[in-house]
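Each chain is listed here by its residues.
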Amino acid sequence: MIFVNLTTTDLDRSKAFYTALGCDINPMFTDENAACVVWDDRTFFMMLTREHFAQFTDKPLADPRESAQVIVALSRDSRAHVDSTVEAGLTAGGTENGAPQDYGFMYQRSMQDPDGNIIEFSYMEAQAVEEGPGAYTDQHGAGPDPVPGTNGHHHGPGSYTDEHGPDTDTAPGR
């Protein structure tokens, strides 16, 4: 299981936001200091008041409205599911971080919850999951958006396999 601990300045607002995204709140682990947000049977957010969160660390707490400490990325089962999740979040008080990104093999949207915590939702094509993004883009082409960290180059044409020849057995991750 994974438990992601995030701060909130308004626990009730936070619970309303995450239930609007389709999550449940586990009452056995929820009180006036924390709410257990259930994404699935193995993934949970513990939304903690800042005062309660501070008891678990000697470090100063970051204000998620002013600085990013973590980006939590969760997969969805389709592009439509990504869109419906983000749209529900926007309706419940979240804000979107820019335009949707379509890399061909993966589609993602990023948003902030009402406290400023960054959450990304993505869908990755099954072939890219199983064979890597290059295999997908080599067959289907790249999406309209450049993949961050690739200096504006897409996977596929211009990628590792293109630059290093047809011998893909030596390519990283293959």
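Cut-offs used in this document
- Residues numbered from 1 in each chain as written.
- Predicted model: local features only at pLDDT ≥ 70, side-chain atom pairs only at ≥ 80, totals over all residues.
- Heavy atoms only, no water.
- Helix = DSSP H or I, 4+ residues; strand = E, 2+ residues; numbered from the N terminus.
- Buried < 20%, exposed > 50% of the residue type's maximum accessible area, 1.4 Å probe, protein only.
- Contact = heavy atoms within 4.5 Å.
- Areas by Shrake-Rupley, 256 points an atom, 1.4 Å probe, with all protein chains shown as cover.
- Core = buried A, V, L, I, M, F, W, Y, C linked by side-chain atoms within 4.5 Å.
- Salt bridge = Lys/Arg side-chain N within 4 Å of Asp/Glu carboxyl O.
- Pairing = 2+ DSSP bridges.
- Axes fitted to C-alpha atoms, helices over the stretch in contact; angles between N-to-C directions.
- Lys, Arg positive; Asp, Glu negative; His and termini not counted.
- Polar contact = N/O pair within 3.5 Å; in protein donor to acceptor, adjacent residues only side chain to side chain.
- pLDDT = per-residue confidence, 0-100.

A.B. asks: Just to check I follow, could you spell out the overall build of the chain for this structure?
C.D. replies: Each helix and strand in the chain was counted, giving six helices and nine strands. Taking all 174 residues of the chain together, 41% fall into the buried category. Within the chain, contacts between residues at least 6 apart in sequence are counted, and of these 48% link residues at least 24 apart. Total accessible area computed for the chain in this model is approximately 9,800 Å², and 51% of it derives from carbon and sulfur atoms.

A.B. asks: Would you mind going over the nonpolar core with me for this structure?
C.D. replies: Nonpolar side chains in soluble globular proteins generally cluster together in the buried interior. If you look at the biggest cluster of nonpolar residues, it comprises 21 residues, and the most contacted ones within it are Tyr18, Val37, Trp39, Phe45, Met47, Leu74 and Phe121. Elements that contribute at least two residues to this core include exactly strand E1 (2-8), helix H1 (11-20), strand E3 (34-40), strand E4 (43-49), strand E5 (71-75), helix H3 (79-91), strand E8 (106-112) and strand E9 (118-124). Setting aside residues no more than four positions away along its own chain, tyrosine 18 makes contact with Leu6, Cys23, Val37, Trp39, Phe45, Met47, Asp113 and Ile119.

A.B. asks: What is the right way to read the pattern of salt bridges from this model?
C.D. replies: Two side chains bearing opposite charge may form a pair once their charged atoms approach each other closely. Throughout the structure, instances matching the rule amount to six salt bridges. For arginine 109, the salt bridge identified is with glutamate 87, shortest N-O distance 2.8 Å. Residue arginine 109 is located in strand E8, and its partner glutamate 87 is located in helix H3; the two are separated by 22 residues in the primary sequence. Looking at arginine 109, the relative accessible area reads 6%, which means it is buried.

A.B. asks: Where do I start with the pairing of E4 in this structure?
C.D. replies: Walk down a regular strand and you will see the side chains alternate between the two sheet faces. Burial of E4 is extensive: seven of the seven residues sit out of reach of the surface. Of the pairings in the sheet, the one linking E1 to E4 comprises seven bridges and is parallel in character. Across the sheet, the residue bridging to threonine 8 is threonine 49, located in E4. Of the strand pairs in this sheet, E3 and E4 are connected by six bridges, and their pairing is antiparallel. Within E4, the residue paired with aspartate 40 across the bridge is threonine 43. Taking the residues between adjacent antiparallel strands as the criterion, E3 and E4 are bridged by two residues.

A.B. asks: I keep staring at the sheet that holds E4 and nothing clicks. Help me out?
C.D. replies: What holds strands together in a sheet is hydrogen bonding between their backbones, with the strands either parallel or antiparallel. Spatial strand order, E1-E4-E3-E2: four strands in an open sheet with mixed pairing. Where the open sheet ends on each side, the last strands, each with one partner, are E1 and strand E2 (24-26). Direction aside, neighbouring strands of the sheet carry axes that sit 30° apart on average. Along the sheet, H1 contacts E1, E2, E3 and E4; its crossing angle with E3, the most-contacted strand, is approximately 10°.

A.B. asks: Explanation requested: the side chain of aspartate 113 in the structure shown.
C.D. replies: Here aspartate 113 lies in the loop between E8 and E9. We note that aspartate 113 is buried and unpaired, the nearest opposite charge coming from arginine 13 at a distance of 6.6 Å. A distance of 2.7 Å separates a polar atom in the side chain of aspartate 113 from a polar atom in the side chain of tyrosine 18.

A.B. asks: Any chance you could explain the confidence of the model for the chain here in plain terms?
C.D. replies: Regions with low pLDDT should not have their predicted coordinates read in detail. Looking at the chain as a whole, its pLDDT mean stands at 87, while 86% of the residues score no less than 70. Ranking the helices and strands of the chain by mean pLDDT puts E2 first, with 98, and helix H6 (residues 160-163) last, with 38. Counted against residues more than four places away or in other chains, residues 153-174, with its pLDDT under 50, gives 32 contacts.

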